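For reference, the chains in residue letters:
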Amino acid sequence: MEVKNPLVGLLFLFFGTAVHAATLVSSGPETTEMTTLESVSHYPLYKLGEDEDQTSGVFKLRSTEGTLNFSFGTRLDQVVESAVFHLKFNYSPALIPTESHIKILLNNEVVKVVSIPKEYSSVPLSIDVPLDPRLITDYNRLQLVFIGHYTNDQCEDPFNTTLWADVDSNSNLEMKVAQIPLKGGLGLLPVPFFDPHDNTRLDVPFVFPDAPGLPMIQAAGIVSSWLGKLADWRGSIFPVSMNQVPAGNAVVFATNGVRPDFLRDHPNVTGPVLEIMTNPTDGISRLLVIFGRNDKDLHTAALALALGQSALSGQSATVVEVKEEDPRKAYDAPRWLRLDGAVKLGELVDTPDKLQTFGPSLLPIRIHMRVAPDVFAWRSQGIPVELKYRYTPPHDVGESRLVMSINHQLVQAFNLRASNEAEDQKIRLPLMDNAVLSATDQILIPPYKLWSRDTLSFRFSIAHHKEGVCRDTQSGNIRAAIDPDSTIDLSGYPHYAEMPNLASFAMLGFPFTKFADLQETTVVIPDQPTPSDIESMLTILAHLSAATGYPATRYQLAFPGDAAALKDRDVLVIGRAIQEGELQSWKDHMPALVDSRGRLITQPKRSVNLFYDWLGFDTHPAPAVASLEKYAAGGQLAVLTGFESPVTKSRSVISLSAVDGPSMSYALNAIDDPALLDNIRGSVSFIHPHRVDSDLVGETYKIGHLPFWTSIWYPLSMHPLLIMILGILVTVIVAILIWKILRSLAANRVGE
């Protein structure tokens, strides 16, 4: 969009983003003047790549026609004014300059052909490629096609190792966008607060009046969890402002009696109200106002937004009635693998095309799963998978195979039959011709390879066949697919786990997310919560709902002095609350505690390690406290701890505390950062600005129940020496009994 008749020009730097202001006529009914905000964003390729294997710092282009695909989107409230692709790459010195090049396509339109000069093959090249903004839509695909040749001979091998080019993963897409006013109201929700085309972390400020009450903060938690559910893998954060409206889209909470100052002239409402209005700070962004006569109305409005947003329209809507769904059942989170029977793999992907792959070089097919962390598959034969797949048959068997793995660990490899083999197939789609073969296999996934967040990967490797010097029989398009009717079955396993285990919390929010609506969870915040405390609570609730796919509609929010709210519930403690009220005595159960005044750290006899925590077959840690240290130190540090509730046995407590607000922000960032998330485990995690250190220290406890015989043999399996002794004793006892029986029989014969 071109801005005409600018009246005011304002240029300032805010975290490296340029923002400009100009006057426009409003398209909305509530204001007569609006401004346009411009910003420049950079998107590195490693965040846009579609191939998860390309993680080594370079994206690889191979063969005579290698392809890389990258995807990005643009928000509904933004238009792209200009875009530049900053490409950095290196290439093989064996390439013929006049015949080798890289095509750059945007949404299937060629925007640039980059020639490959011979004289620069030994150094990386950088080139800036302008992109026509008119080609950019809400969802876009940027494609790099490598055309490489190393000889003019007609017998060129398309898979020769000299045919390569490497694209630096730090190559980036630069876009200058202008934020524009949206004409729609509530009917656009969740846009602009969450836009599905935006792949960046969700960042939505929440605005409260001074000193908001507990019910208002609880309603905000429901709204943040709804937005977190929508954000899913993107992550989310919710900065909190008290009585100040920041620039940008934001969510505001107000009642007739307690409201931010900018709403002081707003007419009183007569019930729960959801309203869209223009942000007075910048004159163009949108505010979603959760309004009510009282705290009860706020809760009703928040529930209506989280559960029935799709029925809203207009600039304002009054909620007449909300019928909340029945309480969720245990382990029925929408994004978790169902445990009541076999689940089709087609149910675990967004669209069927995610189960297909094609091209000269086949990309792996990946299926992401979330599994309840306390599924106990000890000593089972494995997790059964019935795999059905189809593929373009190779000319000969050779090295053609399908490799199945889970979490980058090999499960099984299958040789693929060739087109000239006898067809002894287990299944066949009736309408498919003989050019496509199909097969079915039964696989067992070892239980120790199953994590909380799992990725099933299927890589088809079709061997390239060359009959002679100049004869290629199969170097073109190859297709393969996993049948959507393939199944994985996790039913019948008991629920049992040894706690604390912060990895389960970091990955899937467990044990709070056992019920997707958090009906057995209490969140405790300090008596006088700071904006950082409220931000932490909102962000963690969003993280839990992102894991389950359901908003936190039934959690309870409490202050530290509410003893009744702590009984028979899993407890999430935020900030200084662990040192207030009823929770003051809990400090003795914590492996670590930090605040602005000092740090209390305990050390185990033997630390937890990655293999024990994830796979469970390495040396068992000795978590008993071996030492205790107190520090008075500076610097930034946050600590995440887990321990058994002192109030109710087998209930969990997780506490997040920090020395200051910025340190708490580092902890929230770590939960959304895949590079740091894997390091959160055990019972205590020390979160530094760019590092996480974890340990298992303190008492452990069990949750869940085991079948009778399993409950006997599983504890014994931890003590092989005891099993040996018991085996010897049983053998001796049985031998004595047999000896007595035989002696008695012998005595009877003599008596006869």
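Each chain carries its own residue numbering, running from 1 in the direction its sequence is written. Local features are withheld for residues below a pLDDT of 70 in this predicted model, meaning they are given only at 70 or higher, and side-chain atom pairs are given and counted only at 80 or more; totals for whole chains, interfaces and linings count all residues. Excluding hydrogens and water, the side-chain values take into account all heavy atoms of the structure.

Colleague: Explanation requested: the overall build of the chain in the structure shown.
Modeller: Of the regular secondary structure elements, the chain holds nine helices and 46 strands. Only protein chains enter the area calculation, which uses a 1.4 Å probe; residues under 20% of their type maximum are buried, those over 50% are exposed, and those in between are partly exposed. The proportion of buried residues among the 752 residues of the chain is 51%. Summarising the internal contacts of the chain: among those between residues at least 6 apart in sequence, 74% fall at separations of at least 24. Just so you have it, the chain exposes about 35500 Å², and 53% of that area is on carbon and sulfur atoms. What counts as a helix is a DSSP run of H or I of at least four residues, what counts as a strand is a run of E of at least two, and both are numbered from the N terminus. We call two residues in contact when some of their heavy atoms are within 4.5 Å. Note on areas: these come from Shrake-Rupley sampling with a 1.4 Å probe, and a residue is covered only by the protein chains present in the view.

Colleague: What should I look at first to understand the confidence of the model for the chain in this one?
Modeller: For any part of a model where pLDDT is low, the fine detail of the predicted coordinates should not be relied upon. On a scale of 0 to 100, pLDDT captures the predictor's confidence in every residue. With 84% of its residues at a pLDDT of 70 or more, the chain shows a mean pLDDT of 83. Under a pLDDT of 50 for its full length, residues 422-434 has, in the predicted model, 20 contacts with residues more than four places off or in other chains. Scored below 50 in pLDDT, residues 608-619 shows 33 contacts in the model against residues more than four places distant or in partner chains.

Colleague: Could you clarify how one ought to interpret the packing of helix α1 (residues 214-231) against helix α2 (residues 295-308) in this entry?
Modeller: For any two helices packed against each other, the geometry is given by the interaxial angle and the distance between the axes. Interaxial distance between α1 and α2 falls to 9 Å at its minimum, and their mutual angle equals 5°. One element, α1, and the other, α2, form an angle in the roughly parallel class. Within the contact between the two elements, α1 uses Pro 215, Met 216, Ala 219, Ile 222, Val 223 and Trp 226 and α2 uses Asp 295, Leu 298, His 299, Ala 302, Leu 303, Leu 305 and Ala 306. Three classes are used, and their members are as follows: Ala, Val, Leu, Ile, Met, Phe, Trp, Tyr, Cys and Pro are nonpolar, Asp, Glu, Lys and Arg are charged, and the others, Gly among them, are polar. In the contact of α1 with α2, the residues fall into 11 nonpolar, one polar and one charged. Every axis in this analysis is a line fitted to C-alpha atoms, fitted for helices over the stretch in contact. Angles between the N-to-C directions lie between 0 and 180 degrees. Any angle that is under 35 degrees is reported as roughly parallel, and any over 145 degrees as roughly antiparallel; angles of 65 to 115 degrees are reported as roughly perpendicular and all others as oblique.

Colleague: Sorry if this is basic, but what is going on with the sheet that holds strand β45 (residues 691-695) here?
Modeller: Sheet strands associate in pairs through backbone hydrogen bonding, adopting either a parallel or an antiparallel arrangement. Strands pair, by our definition, only if DSSP identifies at least two bridges between them. Strand order in the open sheet formed by seven strands is β37-β36-β38-β43-β42-β44-β45, with mixed pairing between adjacent strands. Lying at the two open borders of the sheet, with one neighbouring strand each, are β37 (556-558) and β45. Shown here is a sheet whose adjacent strand axes are inclined to one another by a mean of 15°, direction ignored. Pairing of strand β42 (residues 638-644) with strand β43 (residues 652-658) involves seven bridges; the strand directions are antiparallel. Across the sheet, residue Gly 642 finds its bridge partner in β43, namely Ile 654. Along the sheet, helix α4 (residues 531-548) contacts β36 (521-524), β37, β38 (570-574) and β43; its crossing angle with β38, the most-contacted strand, is approximately 140°. Where helix α6 (residues 661-672) meets the sheet, its contacts fall on β42, β43, β44 (684-688) and β45, and the angle it forms with β43 comes to roughly 130°.

Colleague: Sorry, what's going on with the sheet that holds strand β30 (residues 453-461) here?
Modeller: In space, the four strands of this open sheet follow the order β25-β30-β27-β28, with antiparallel pairing throughout. With one partner strand each, in any of the chains shown, β25 (365-370) and β28 (409-415) form the two edges of the open sheet. Within this sheet the neighbouring strands show an average axis-to-axis angle of 15°, counted without direction.

Colleague: Would you take a moment to explain a nonpolar patch on the surface for this structure?
Modeller: Patches here are clusters of residues that have more than 30% relative accessible area and form no salt bridge, with a 9 Å joining cutoff for like charges and a 5 Å cutoff for nonpolar side chains (Val, Leu, Ile, Met, Phe, Trp, Tyr). Salt bridges are counted wherever a side-chain nitrogen of Lys or Arg sits within 4 Å of a carboxyl oxygen of Asp or Glu. The grouping of Leu 721, Leu 722, Met 724, Ile 725, Leu 726, Ile 728, Leu 729, Val 732, Ile 733, Ile 736 and Leu 737 at the surface amounts to a nonpolar patch, some 990 Å² of accessible area in total. In this structure Leu 726 comes out as partly exposed when scored by relative accessible area, which is 36%.

Colleague: I keep staring at the packing of aromatic side chains and nothing clicks. Help me out?
Modeller: Each aromatic ring pair is characterised by the separation of its centres together with the angle its planes make. Here the aromatic set is Phe, Tyr and Trp, taking the six-membered ring for Trp, and pairing holds for ring centres within 6.5 Å; pairs whose planes are under 30 degrees apart are stacked, those over 60 apart are edge-to-face, and all others are tilted. By the definition in use, this model includes 13 aromatic pairs. When the centroid spacing of 6.4 Å and the interplanar angle of 35° are considered together, the rings of Phe 376 and Trp 378 count as tilted. Overall, Trp 378 belongs to the partly exposed group, its relative accessible area being 28%. Ring centres of Phe 708 and Trp 709 lie 5.1 Å apart, and the angle between their planes is 75°; on these two criteria the pair is classed as edge-to-face. The same class applies to Phe 708 and to Trp 709, which are both exposed. Among the aromatic residues, those joined into a ring-pair cluster are Phe 206, Phe 208, Phe 238 and Phe 253. Over the ring of Tyr 550 we find Arg 328, and its NZ or CZ is 4.5 Å from the ring centre. Any Lys NZ or Arg CZ that is within 6 Å of a ring centre and within 35 degrees of that ring's normal is treated as a charge sitting over the ring. Note that Arg 479 overlies the ring of Phe 358, its terminal NZ or CZ placed 4.7 Å from the centroid.

Colleague: How should the environment of Gly 185 be read in this particular structure?
Modeller: By secondary structure assignment, the location of Gly 185 is in the loop between β14 (172-179) and β15 (202-203). Taking relative accessible area as the criterion, Gly 185 reaches 13% and is therefore assigned buried. The spacing of Gly 185 and Leu 312 is 127 residues in sequence and 8.8 Å in space, taken between C-alpha atoms. For Gly 185, the residues in contact, after removing those within four places along its chain, are Ile 276, Gly 314 and Gln 315.

Colleague: When you look at α2 in this model, what are you seeing that I'm missing?
Modeller: By this rule, a helix spans an expected 1.5 Å times one less than how many residues it contains. Its 14 residues give α2 an end-to-end C-alpha distance of 20 Å, which sits within 8% of 20 Å, the value for a rise of 1.5 Å per residue. Residues of α2 that are buried make contact with α1, β19 (250-255), β20 (273-278) and β21 (286-292). Here a polar contact is recorded for every N or O atom pair within 3.5 Å, except that within protein the pair must consist of a potential hydrogen donor and a potential acceptor, and residues adjacent in sequence are included only if both atoms are side-chain atoms. N-capping of α2 is provided by Asn 294, with a side-chain oxygen placed 3.2 Å from the backbone N of Lys 296.

Colleague: What is the right way to look at the environment of Phe 208 in this model?
Modeller: Here Phe 208 is to be found in strand β16 (residues 206-208). Sequence separation between Phe 208 and Met 242 is 34 residues; the distance between their C-alpha atoms is 5.0 Å. Other than its neighbours up to four places away in sequence, Phe 208 contacts Met 216, Ile 217, Ala 220, Val 240, Ser 241, Met 242, Asn 243, Phe 253, Pro 260 and Ile 534.

Colleague: Can you walk me through unusual backbone geometry in this structure?
Modeller: Across the chain, the bulk of peptide bonds are trans and the bulk of non-glycine residues have phi less than zero. Residues Leu 189 and Pro 190 are joined by a peptide bond in cis, for which omega reads 10°. Residue Pro 192 is bonded to the preceding Val 191 through a cis peptide linkage, with omega at 5°. Note that Pro 192 resides in the loop between β14 and β15. Phi angles above zero are rare outside glycine, and Asn 407 is one such case at about 55°. Mapped onto the fold, Asn 407 is located in the loop between β27 (401-406) and β28. The exposure class assigned to Asn 407 is buried, which follows from its relative accessible area of 8%.

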